[in-house]
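Summary of the model geometry
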Amino acid sequence: MSTARDPRPLTGEPLALDLLNTRWNRDGVVQDLLADTDGLAVWLTANGLAGTHPSGAAVLDHLRAAREAIKAAVDGAPEQAAPLVDAVLEHGRIRARLTAAGPAEEPEFADPAWGPAWLAARNYLELLTRAPERIRSCAGGHCILYFFDTSRNGTRRWCSMAACGNRAKASRHYARSKEN
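Residues numbered from 1 in each chain as written. Predicted model: local features only at pLDDT ≥ 70, side-chain atom pairs only at ≥ 80, totals over all residues. Heavy atoms only, no water.

Let's talk about the overall build of the protein
Along the backbone of the protein there are 6 helices and 6 strands. Scanning the protein from its N terminus toward the C terminus, one meets helices and strands in the order α-β-β-α-α-α-β-β-α-β-β-α. Partitioning the contacts of the protein with sequence separation of at least 6, the portion at a separation of at least 24 is 48%. Carbon and sulfur atoms provide 52% of the accessible area of the protein, an area that totals close to 10300 Å². (Helix = DSSP H or I, 4+ residues; strand = E, 2+ residues; numbered from the N terminus. Contact = heavy atoms within 4.5 Å. Areas by Shrake-Rupley, 256 points an atom, 1.4 Å probe, with all protein chains shown as cover.)

As structure tokens, then:
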């Protein structure tokens, strides 16, 4: 289990979008949490997957592939993205079972190294089923983060009101004050 602090500016999004948010912009430079296995350990821990799934170079490679597939799908290229997302989903399946607590569904993987990537791709399908129009990229100028809009009226525009939202409003205020 990683004890390193998660450096990302936005966490807590659904798994698929949290995977996309392993890349972010800091002072004009793109950061990548999945640049190495230390960052992988941070991401697995942040998403409750540490200890239940393997970590290592293969997991890292599979997660990067899933991130590119999901990003292509979210950014609006479904015809190119569908085979990429499907290629990740081919490595796992849902197994239905009856347990003492009742019906259950559990993911199964031929190769456990695909587990985290498969879970993220599967979560993307769940978001599409739930409310695809609420999967958004931040409207902040140089921000490259994604979020699932859970606001009541579905009009959230920024990854964070405190960061990108505040910068946008301050910029508009400054522009208006220069006009006067």
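Quick look at the packing of helix 3 (residues 57-74) against helix 4 (residues 78-89)
Remark: helix 3 packs on helix 4, axes separated minimally by 8 Å, with the N-to-C direction vectors making an angle of 145°. Handedness of the crossing formed by helix 3 with helix 4: left-handed. Of the residues in helix 4, those in contact with Ala 66, Ala 69, Ile 70, Ala 72 and Ala 73 of helix 3 are Ala 81, Leu 84, Val 85 and Val 88. In terms of residue class, the contact of helix 3 with helix 4 is made up of 9 nonpolar, no polar and no charged. (Axes fitted to C-alpha atoms, helices over the stretch in contact; angles between N-to-C directions. Left-handed = near helix turned anticlockwise from the far one by under 90°. Nonpolar A, V, L, I, M, F, W, Y, C, P; charged D, E, K, R; others polar.)

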